[in-house]
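Geometric and topological summary
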Amino acid sequence: MISKLRHKIFIGILLLAVLLAASGTIVLHQFLLLNRSVTALIEDNYKTIQACQNMLEALEREDSGILLLSLGNWEKGRYIIDAADSVFEASMAVAAGNVTELHEDERVAAVRAAYNEYKTKWQKPIVDTDKEGNLNWYVTDINPDFLHAKEAVYALMKLNQNSMYDEASVLKERSYRAIMPGIVAIVAVIVFAFLFNYFLRQSLMAPLYELIAATEKYRANMSSFSFSTKKTDDEFRELEQGIQKVISKVHKFYDQKAKVN
Amino acid sequence: MRGESVLRYLGFILLFQGFFLLLSFIISAVQLETSTVPLLFSLISAVVFGAMFVLFTHPTEEVNFSEGILTVVLGWVVTCLVGALPYLLWGVEFDLVNAWFESVSGFTTTGSTILNDVERLPSGLLFFRSSTHWMGGVGIIMFVLLILPQSSSKLVLLNTELSSLSQTNFKQSKRQVLLVLGYVYLGLTVLQTFLLWVAGMSLFDAVNHAFATIATGGFSTKNLSIAHFNSLPIEVITEVFMVLSAIHFGLLFTTIMGHKRNIFTSEITRAFLLVVAIGITIVALKLYADGLYPLGTSFRHAAFQVISLGTTTGFATVDTAHWPPLAMMVLMYFTIQCGMVGSTSGGLKFDRVYIFFKALKTQILQILHPRLVRVAKVDGQRIPVEIIEHTQVFIVMYILIFFVTTVVLSAYNIDLLTAFSASIATIGNVGPGFEGVSSLGNFSGLPDGAKVLLSVNMLFGRLEIFNILALIYFTRY
């Protein structure tokens, strides 16, 4: 039990400050984590997923280019294939430089291996060879490698998509955890304010009213000055003692004056 | 009524709760878990309010009866509110209603859960969840009284928290009753933790399961409860401690101390053990006769489930939802009867059932032989008329509350078996019921209104009805 009023008020405000500071810090911390999750979501997964989509598109275009070559359209076929290859390589570089998930390096290596295998097939001349117009060659040699490369890219994309889904769930939980302390803190501070007000009324206002009543009573009949029903040792006790001293001095003064007269 | 004296005790209760929040926070922080921040914030809130209540109020030499009642009831409500904070702040499966339900279920040692995946909870939160059982087992107010210096206020609060019937078997002075409760409670917890650890549980699981067993709570750290461990020694240890926790702690103390009056000479204890044994035998034989399990396995599962429900613990080793109706009816009887007074067990209490039948027998004899003077006796001593009357009123109130709860739950279109068993399981602080809320199921599927109603039921059960009713009367008159 704290006896002095100044200590009570100080500790009350200190407790409120601790509550507010704690909730503020926690909310801030949660928002930082949230920010980190969003960054991770964009940097770690979305970037690779985008790269995978570009790789898939490039593979499709390369496939069209090969078909054009096998139809004897050398110039247009080579142009499409080279453009798609540079897109693929650029996207591959993005994916290889953004390995953030467990086993992602293995998936990237698998894409590289499958693509190299596929690439060796269309790098060799096609136009003016027995491959030109040879649908059988396309179906047995090119298409399986094309599908295999696509599967490897899909596997890499799926890994990142799953991870992105997990990260989004975490993000949802983190946003909840960032908001809740704030809401709870608002409720807690309101409850605290009511209770603090109650305690202040008990320790400050109640004795003050008692003091006023005691002073009024003394003024009315000039008898003894009695105050404080509670055994407190706060500033009101000191005030009471001070008033008692003043009263006794006043009484002494009147007594002496009466004797002189 | 002096609000200050009530607030002062609430302050001590919050600080005591803060101690367990601190332990849970440390566990969580060491493992860098997601529950670290929720536990820290709950800890700060509990300590800030607890400190304010203690520092701003004057110590009171005496609290009167109405203040005692208000302290006990508010103590439970505030404890449950603060206990809901870590769950609410952590989220996932916990919204406001679910967090409140889980907290009330923990502190009242009911053991009903809304969690579909208990194992997803971080270990710090799991520890806090089990410790709510342990704090609520003998009552958080008891712990506070145990710590505080001696005063006459303590006796008023002790009388309010412990029913008059449960005080009958304490032969010690009222001041010593608290110490006896403390020694037995702590002793049983330490011993069971050690034995479970030796039997193969990790220390963390052993502590959590010991907390839940001694408090007859039932929260497990595993989705499959005790079935997860699939270990006969663990089941046997748990069964023994569930039974011990459902016996009057005063009698356990006198037994350990080698006194003449002990669990072996107590008429009610012997009757309780006999009824449990009969229940196990009936269920086991029915399971065997229906070809569900071989004889040995039938006895193994029957023993665990009967003891678990009969002591209001609520652990499970099998899903009883698929058991034959007779076995379910026997289990339901034990859900109503429960353990003995003066233990951590909830519900109607076996002593009341025993006294009721003793009084009934006397009444029948009185009707047959109007001039015969006969009184109901237990252990050769006359049962005071006021205890008989109190017991009868309690039983009527108990039945009335679970009937009303069942009717209200039915209004939510919950099937009758689920509604009925959920009502009994919550007012009896047992935990699992049948059908939709069976032993390996949970309460998550119930509507929010039903969950709130059932949590009020748990508080009614834990506070033995009269305290809450007395508070309502005090506020009215």
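Residues numbered from 1 in each chain as written. Chains lettered and ligands numbered in written order. Predicted model: local features only at pLDDT ≥ 70, side-chain atom pairs only at ≥ 80, totals over all residues. Heavy atoms only, no water.

**Here we look at the overall build of chain B**
Short version of the rule: Put simply, DSSP H or I for four residues or longer makes a helix, DSSP E for two residues or longer makes a strand, and each gets a number counted from the N terminus. For the radius of gyration, the atom set is restricted to C-alpha positions; the globular benchmark scales as 2.2 Å times the number of residues to the power 0.38. Type-normalised accessible area, obtained with a 1.4 Å probe on protein chains alone, sets the label of each residue: buried when under 20%, exposed when over 50%, and partly exposed for intermediate values. Using the Shrake-Rupley algorithm and a 1.4 Å probe, accessible areas are obtained, with residue cover drawn only from the displayed protein chains. Only four residue types enter the tally: Lys and Arg on the positive side, Asp and Glu on the negative side; His and the chain ends are excluded. Lysine's charge is taken at NZ, arginine's at CZ, aspartate's at CG and glutamate's at CD.
Across its full length, chain B carries 19 helices and 2 strands. Here the C-alpha radius of gyration of chain B, 22 Å, is about what a compact globule of 477 residues would show, namely 23 Å. Its C-alpha atoms put chain B at 65 × 55 × 50 Å along the principal axes. Out of the 477 residues in chain B, the part that is buried amounts to 62%. For chain B, the accessible area works out to roughly 17,900 Å², and carbon and sulfur atoms hold 69% of it. Side-chain charges of chain B comprise 25 positive and 25 negative groups, with the mean position of each set lying 13 Å from the other.

**Overview of the overall build of chain A**
Of the regular secondary structure elements, chain A holds 5 helices and 0 strands. Of the regular secondary structure in chain A, the N- to C-terminal order runs α-α-α-α-α. Its C-alpha atoms give chain A a radius of gyration of 42 Å, clearly above 18 Å, the size a compact globule of 261 residues would have. Put simply, chain A has 261 residues, and 36% of those count as buried.

**Quick word on the domain arrangement of chain B**
All names here are of chain B. Rules: A domain assignment, automatic or from a database, supplies the domain bounds used here. Contacts were defined at the residue level, with two residues in contact if any of their heavy atoms lie within 4.5 Å. Every case where a carboxyl oxygen of Asp or Glu lies within 4 Å of a side-chain nitrogen of Lys or Arg is listed as a salt bridge. Two N or O atoms form a polar contact when they lie within 3.5 Å of each other; inside protein one atom must be a possible hydrogen donor and the other a possible acceptor, and for residues adjacent in sequence the pair counts only when both atoms belong to side chains. Polarity classes work like this: nonpolar for Ala, Val, Leu, Ile, Met, Phe, Trp, Tyr, Cys and Pro, charged for Asp, Glu, Lys and Arg, and polar for all others, with Gly in that last group.
Taken domain by domain, chain B comprises domain 1 (3–161) and domain 2 (370–476). Here the C-alpha centre of domain 2 lies 24 Å away from the C-alpha centre of domain 1. On the side of domain 2, 22 residues touch domain 1, which itself brings 29 residues to the contact. On inspection of domain 1 and its partner domain 2, the count reaches 0 salt bridges. Inspection of the domain 1/domain 2 interface yields 9 residue pairs in polar contact (both at pLDDT 80 or more). Within the residue set of the side of domain 1 that touches domain 2, elements represented by two or more residues are α3 (65–90), α4 (96–107), α5 (123–137) and α7 (152–161). Among the elements that take part in the side of domain 1 that touches domain 2, α3 stands out by supplying 8 residues, more than any other. Of the residues assigned to the side of domain 1 that touches domain 2, the class counts are 14 nonpolar, 14 polar and 1 charged.

**Overview of a nonpolar patch on the surface**
All names here are of chain B. Rules: Exposure above 30% relative accessible area and the lack of any salt bridge qualify a residue for a patch; like charges then connect within 9 Å, and the nonpolar side chains Val, Leu, Ile, Met, Phe, Trp and Tyr within 5 Å.
On the surface, a nonpolar cluster with roughly 530 Å² of combined accessible area is contributed by L400, F403, V404, V407, V408 and Y412. Of note, F403 is situated in helix α16 (residues 385–411). With relative accessibility at 53%, the residue F403 sits in the exposed group.

**What to know about unusual backbone geometry**
Residues and elements named next belong to chain B. We note that S225 has phi near 55 degrees; this positive angle belongs to a residue other than glycine. Looking at the element boundaries, S225 is found in the loop between α9 (203–214) and α10 (232–245). Residue S225 is classed as buried on the basis of its relative accessible area, which comes to 7%.

**Some details on the nonpolar core**
The condition that has to hold: For our purposes a nonpolar core is just a set of buried Ala, Val, Leu, Ile, Met, Phe, Trp, Tyr and Cys residues, chained together by side-chain atoms within 4.5 Å.
Among the nonpolar cores identified, the biggest contains 159 residues, and F49, M52, F53 and W323 of chain B are the most heavily contacted of them. At 14 residues, α3 of chain B tops the list of elements feeding residues into this core. When near neighbours in sequence (up to four residues on either side) are disregarded, W323 of chain B contacts V283, L287, L292, Y293, H301, A302, Q305, V318, M328 and L331 of chain B. Of all hydrophobic cores here, the second largest spans 28 residues; its members include I66, I81, A95 and V111 of chain A.

**Describing the confidence of the model for chain A**
Put simply, the test is: The pLDDT value expresses, per residue, how confident the predictor is, ranging between 0 and 100.
When the pLDDT values of chain A are averaged, the result is 82; 90% of them are 70 or greater. Mean pLDDT across the elements of chain A bottoms out in helix α5 (residues 235–260) of chain A (80) and peaks in helix α2 (residues 74–96) of chain A (87).

**Some points on the side chain of Q192 of chain B**
Residues and elements named next belong to chain B. With respect to the secondary-structure elements, Q192 resides in helix α8 (residues 174–198). Of the residues examined, Q192 reaches a relative accessible area of 0% and is grouped as buried. At 3.2 Å, the side chain of Q192 and the side chain of T213 are in polar contact. Apart from the residues within four sequence positions on either side, Q192 is in contact with H209, A210, T213, I214, I237, T238 and F241.

**Points about the domain arrangement of chain A**
When cut into domains, chain A gives domain 1 (5–190) and domain 2 (204–260). Taking the mean C-alpha position of each, domain 1 of chain A and domain 2 of chain A sit 81 Å from one another.

**Quick word on the interface of chain A and chain B**
It is common to report an interface's size as the accessible area lost on association of the parts. Convention followed: Joining two parts hides part of their accessible area as seen by a 1.4 Å probe, and the buried area is that hidden amount summed over both.
Of the residues lining the interface, 30 residues belong to chain A; the matching set on chain B comes to 27 residues. Counting each side, the surface lost to burial between chain A and chain B is near 2,600 Å², with a carbon and sulfur contribution of 78%. Seen at the junction of chain A and chain B, the total is 1 salt bridge. E173 of chain A is the salt-bridge partner of R120 of chain B, the closest N and O atoms lying 2.4 Å from each other. Here chain A is connected to chain B by 4 residue pairs in polar contact (both at pLDDT 80 or more). If you list the elements that add at least two residues to the side of chain A that touches chain B, you get α1 (5–70) and α4 (135–221) of chain A. Looking at the side of chain A that touches chain B element by element, the count peaks at 15 residues for α4 of chain A. Considering only residue class, the side of chain A that touches chain B consists of 20 nonpolar, 6 polar and 4 charged.

**Quick notes on helix α2 (residues 36–56) of chain B**
Our working definition: To estimate how far a helix should reach, multiply one less than its number of residues by 1.5 Å.
Over its 21 residues, α2 of chain B extends 30 Å from the first C-alpha to the last, a length consistent with the 30 Å expected when each residue adds 1.5 Å. Where burial is concerned, most of α2 of chain B is hidden: 18 out of the 21 residues are buried.

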